[in-house]
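Structural description and commentary
Listed below, chain by chain, are the residues.
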Amino acid sequence: MKQDPRSDVLITAQELHSPPEPVEQGARYRPPVLLDVRWALPPKGQTYDGRTPYQNGHIPGAVFVDLEAELSGPASPAMGRHPLPSTRKFQAAARRWGIAEDSWVVCYDDSGGVAAARAWWLLNYYGVDAYLLDGGFNSWQRANYPIETGDVIPPPGDVDLSPGHMPIIDADETAALAESGTGVLLDARAPERYRGEIEPIDPRAGHIPGATNVPTAANLTPEGTFRSAAELRKIYYNAGVDDTSTPEVGVYCGSGVTAAHNIAALATLGVKAALYPGSWSQWSADPARPAATTEPNPGLVSTRA
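Let me sum up the structure you'll find in this document. The structure displayed is predicted, hence computed values, not measured ones. (Residues numbered from 1 in each chain as written. Predicted model: local features only at pLDDT ≥ 70, side-chain atom pairs only at ≥ 80, totals over all residues. Heavy atoms only, no water.)

1. As for the overall build of the chain
In terms of regular secondary structure, the chain is built from 11 helices and 9 strands. Taking 2.2 N^0.38 as the reference for a compact globule, 305 residues should give roughly 19 Å; the C-alpha atoms of the chain span a radius of gyration of 19 Å, in line with that estimate. With respect to the three principal axes, the spread of C-alpha positions in the chain is 55 × 45 × 35 Å. When burial is assessed residue by residue, the chain has 50% of its 305 residues classed as buried. Taking all contacts inside the chain whose residues are at least 6 apart in sequence as the whole, residues at least 24 apart take part in 77%. With 24 positive and 36 negative side-chain charges, the chain shows a separation of 2 Å between the mean positions of the two kinds. (Helix = DSSP H or I, 4+ residues; strand = E, 2+ residues; numbered from the N terminus. Rg over C-alpha atoms; globule rule 2.2 N^0.38 Å. Buried < 20%, exposed > 50% of the residue type's maximum accessible area, 1.4 Å probe, protein only. Contact = heavy atoms within 4.5 Å. Lys, Arg positive; Asp, Glu negative; His and termini not counted. Charge placed at Lys NZ, Arg CZ, Asp CG, Glu CD.)

What follows is the structure, given as structure tokens:
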């Protein structure tokens, strides 16, 4: 692990465009595999087309990744809207993107990494060295770096994947974590969904009892880059996460996609958090699972001046 955990997660547009000289004698800089993961949560019953904006302009060499088709398994009430893909399915996709055994990968989107974090998490879960482009495609454009149009179809890769390199928790483990009082369960959805004021897509409104809300948007500056370590540390400390002593942290969202962004933010602080893949879409589909619509007990959340 590098001295600064932030550099284990994020790469800047400048670093991607003009990589530093190799520090080891005889080392050779290998260009990364670039994945363009443009996606947004569409209204219920509709789909989002990320390929068209990709074809209209992307970072040179980047391969388009379809979040619904390639970064998710089949949706169902029992598994949620975006279950994790099987190892076989994800390995086939990774090879199609050109990922080889010795590849490293940079993932980006045009929404501050909210979608690209899903690819980042999955690649790391399956043992691939992956990073997020801080600020995504927008930061690349602000720097006036070149773009290209059309589709990129790389030579197939030969990567062999193995799952389990990132922690996950199921519904029962999530409930136990929320009830334990020793760990922290974070809800990464927008505050109005967390509070149960609206629910645009899942079966019921509300949140998992005991969860604390840290919306994914809180991780980002107005420019769409990750906030500084000091800012993120304060945000998560106020949610009950102490980066030196919290024993266990779990994160969920609507369907397990944007929660990966909070996991990435925590990783920049050196905190390893577990993903609940089924998230609220799975939880709320089970009538036996309780739903809360009130704020968490403020006595359970520490604050720092």
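2. Description of the sheet that holds strand β7 (residues 212-213)
Strand order in this open sheet of 4 strands is β7-β6-β8-β9, and the pairing throughout is parallel. Looking at strand neighbours, the two that pair on one side only are β7 and β9 (274-275), the edges of this open sheet. Bridge analysis of strand β8 (residues 249-252) against β9 gives 2 bridges, and the strand direction is parallel. Residue pairing for β9: Val251 is matched across the bridge by Leu275. Sheet strands in contact with helix α7 (residues 171-180) are β6 (184-187) and β8, and its direction is about 115 degrees off that of β6. (Pairing = 2+ DSSP bridges. Axes fitted to C-alpha atoms, helices over the stretch in contact; angles between N-to-C directions.)

3. Quick word on unusual backbone geometry
Despite not being glycine, Asn144 shows a phi value in the positive range, around 60 degrees. In this structure, Asn144 sits in the loop between α6 (136-142) and α7. Residue Asn144 is classed as exposed on the basis of its relative accessible area of 70%. One non-glycine residue, Ser279, adopts positive backbone phi at about 50 degrees. Within the secondary structure, Ser279 sits in helix α11 (residues 279-283).

4. Re α7
If you check which residues of α7 are buried, you get Ala171, Thr174, Ala175, Leu177 and Ala178. Projection of α7 onto a plane perpendicular to its axis shows the buried side chains occupying an angular sector of 160 degrees, all on one side. For α7, the exposed residues lying more than 90 degrees away from the buried face are Asp172 and Glu179. Next to the buried residues of α7 lie β6, β8 and α11. Sitting at the amino-terminal end of α7 is Asp170, which places a side-chain oxygen 3.2 Å from the backbone nitrogen of Asp172. In the segment just after α7, Gly181 is the residue with positive phi, at about 80 degrees. (Arc of directions from axis to C-beta. Polar contact = N/O pair within 3.5 Å; in protein donor to acceptor, adjacent residues only side chain to side chain.)

5. Things to note about the packing of aromatic side chains
Here the structure, examined in full by the defined rule, presents 8 aromatic pairs. Note on Phe90 and Tyr126: the rings are 5.2 Å apart at their centroids and 25 degrees apart in plane angle, and the pair reads as stacked. Taken together, the positions of Phe90 in helix α4 (residues 87-96) and Tyr126 in the loop between α5 (116-125) and β5 (129-133) put the pair 36 residues apart, joining distant regions of the chain. Assessed through its relative accessible area of 0%, Phe90 is described here as buried. Geometrically, the ring pair formed by Trp104 and Tyr131 is edge-to-face, given 5.8 Å between the ring centres and 90 degrees between the ring planes. Placement of the pair is Trp104 in strand β4 (residues 104-108) and Tyr131 in strand β5, with a sequence separation of 27 residues. Members of the aromatic cluster, each reached through a chain of ring pairs, are Phe90, Trp97, Trp121, Tyr125 and Tyr126. Over the aromatic face of Phe137 sits the side chain of Arg38, whose NZ or CZ is 4.4 Å from the ring centroid. The ring centre of Trp283 lies 5.1 Å from the NZ or CZ of Arg289, which sits over that ring. (Phe/Tyr/Trp six-rings, centres within 6.5 Å; stacked < 30°, edge-to-face > 60°. Lys NZ or Arg CZ within 6 Å of the ring centre and 35° of its normal.)

6. Considering the pairing of β8
Burial along β8 is two-sided: Val249 and Val251 and Gly250 and Tyr252, pointing in opposite directions, are all buried. For β6 and β8, the ladder comprises 4 bridges, and the chain directions are parallel. Paired with Val184 across the strands is Val249, a residue of β8. Crossover β8 to β9 through helix α10 (residues 259-267) is right-handed. (Right-handed = clockwise from strand over helix to strand, strands pointing away.)

7. Observations concerning the sheet that holds strand β3 (residues 63-64)
Strand order in this open sheet of 5 strands is β1-β5-β4-β2-β3, and the pairing throughout is parallel. The open sheet has two edge strands, β1 (10-11) and β3, and neither has a second partner. Bridge count between β1 and β5: 2 bridges; the pairing is parallel. Note on β5: the bridge partner recorded for Ile11 is Leu133. Taken strand by strand, α5 contacts β2 (33-36), β4 and β5, and its axis lies near 165 degrees from that of β5.

8. Notes on helix α9 (residues 229-238)
The complete set of buried residues in α9 reads Leu232, Tyr236 and Tyr237. In an axial view of α9, the angular spread of the buried residues amounts to 130 degrees, which keeps them on one side of the axis.

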